Amino acid sequence: PERIEAKMAAMALTAEHTIAYGIRHLDELVDEGVINELKLIDYGANGGMPLQWYHEGTFDLEDEEALLVEATLPPGCGYFSFSLTDRMFVTLDWVHAQTSLNAKQASLDDDGVLRVVISGTDPGVRNWMDTTGYARGAVQCRWIGSTEPPQVTARKVTLNALDEVLPSFMARVTPEERTAALSARSVGAQLRSLW
């Protein structure tokens, strides 16, 4: 019983420190002005995996706004993933909502650019990420395999202006296709192997 009690106490401290780190990290990004934009973060100096790059930033969006992220992937970048978090750096509900995207789920446009739209309202594009009602949170992008990081930009746009700024060839989805994608996401989460 003493060992179990000690381990439970250590687990509580780990959870507390992890949440405190997330809050502090996002506060630092906001203090640096990384709002509705992304910056390159180098985790390699702290033991991160080689040939892995991160871009992180915060979003601060009104109901009628979206964050458009555009990335040009360098040669060798064979994998990427995007995720949204709340202000404590806790990942938003990826089981029931499209709050994350990876290289299998997203698509590059015909011009080779990866475009992702982040908003609380579904704009009907394949590469949409749902803020699930959060006006503020974080965006984290991970890229693997290239010797150089991707070139990434982000800009806030209104949902009404999306058709003016997105190329006509960007992959779109119907409401039925979105429902099917969300269903597949939920089923996949339930069948996911646990480590």
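Note: the structure precedes this text.
**Observations regarding the overall build of the protein**
Piece 1. Each helix and strand counted, the protein has three helices and nine strands in total.
Piece 2. Secondary structure elements of the protein, listed N to C terminal, follow the sequence α-β-β-β-β-β-β-β-β-β-α-α.
Piece 3. For the protein, the C-alpha radius of gyration of 18 Å lies close to 16 Å, the compact-globule estimate for 195 residues.
Piece 4. By principal-axis analysis of the C-alpha atoms, the protein measures approximately 65 × 35 × 35 Å.
Piece 5. The buried share among the 195 residues of the protein stands at 39%.
Piece 6. Counting contacts in the protein only where the partners sit at least 6 residues apart, residues at least 24 apart contribute 75% of the total.
Piece 7. Summed over its atoms, the accessible surface of the protein is roughly 11,100 Å², and 56% of this surface lies on carbon and sulfur atoms.

**Some points on the nonpolar core**
Piece 1. Formed by 22 residues in total, the largest nonpolar core has its most connected members in Val-69, Phe-82, Leu-114, Val-116, Ile-118, Val-139 and Trp-143.
Piece 2. Elements that contribute at least two residues to this core include exactly β3 (65–72), β4 (79–85), β6 (113–119) and β8 (136–144).
Piece 3. Those residues in contact with Ile-118 that lie beyond four places of it in its chain are Leu-61, Glu-65, Ala-66, Leu-67, Val-69, Leu-84, Met-129, Thr-131 and Val-139.
Piece 4. Core analysis: the next-biggest nonpolar cluster, separate from the first, contains nine residues, Ala-66, Val-157, Leu-162 and Leu-166 among them.

**Concerning the sheet that holds strand β9 (residues 151–158)**
Piece 1. What the four strands build is an open sheet, ordered β7-β6-β3-β9; its pairing is mixed. The strands lining the two open edges of the sheet, one partner per strand, are β7 (128–130) and β9. On average, adjacent strands in this sheet sit at an angle of 20 degrees to one another, irrespective of strand direction.
Piece 2. Relative to β6, β3 runs antiparallel, the two being bridged by six bridges. Among the inter-strand pairings, Leu-68 is bridged to a residue of β6, identified as Val-117.

**Topic: unusual backbone geometry**
Piece 1. A positive phi angle is found at Phe-89, which is not glycine, with a value near 70 degrees.
Piece 2. Within the fold, Phe-89 resides in the loop between β4 and β5 (100–102).
Piece 3. If you check the backbone angles, Thr-132 has positive phi at about 50 degrees while not being a glycine.
Piece 4. Looking at where Thr-132 falls in the secondary structure, it is placed in the loop between β7 and β8.

**Quick notes on the packing of aromatic side chains**
Piece 1. Throughout the structure, instances matching the rule amount to three aromatic pairs.
Piece 2. Ring centres of Phe-80 and Phe-82 lie 6.3 Å apart, and the angle between their planes is 80 degrees; on these two criteria the pair is classed as edge-to-face.
Piece 3. Given a relative accessible area of 2%, Phe-82 falls into the buried group.
Piece 4. Summarising the aromatic geometry, the rings of Phe-80 and Trp-143 are spaced 5.9 Å apart at their centres and angled 45 degrees between planes, so their arrangement reads as tilted. With Phe-80 in strand β4 and Trp-143 in strand β8, this residue pair connects regions lying 63 residues apart in the sequence. Side by side, Phe-80 and Trp-143 carry an identical accessibility label, which is buried.

**Some points on the environment of Leu-166**
Piece 1. With respect to the helices and strands, Leu-166 occurs in the loop between α2 (162–165) and α3 (175–191).
Piece 2. Residue classification places Leu-166 among the buried residues on the basis of a relative accessible area of 5%.
Piece 3. The residues touching Leu-166, leaving out its near neighbours within four places in the chain, are Leu-68, Arg-115, Val-117, Val-125 and Arg-172.

So, how was this worked out
Residues numbered from 1 in each chain as written. Predicted model: local features only at pLDDT ≥ 70, side-chain atom pairs only at ≥ 80, totals over all residues. Heavy atoms only, no water. Helix = DSSP H or I, 4+ residues; strand = E, 2+ residues; numbered from the N terminus. Rg over C-alpha atoms; globule rule 2.2 N^0.38 Å. Buried < 20%, exposed > 50% of the residue type's maximum accessible area, 1.4 Å probe, protein only. Contact = heavy atoms within 4.5 Å. Areas by Shrake-Rupley, 256 points an atom, 1.4 Å probe, with all protein chains shown as cover. Core = buried A, V, L, I, M, F, W, Y, C linked by side-chain atoms within 4.5 Å. Pairing = 2+ DSSP bridges. Axes fitted to C-alpha atoms, helices over the stretch in contact; angles between N-to-C directions. Phe/Tyr/Trp six-rings, centres within 6.5 Å; stacked < 30°, edge-to-face > 60°.

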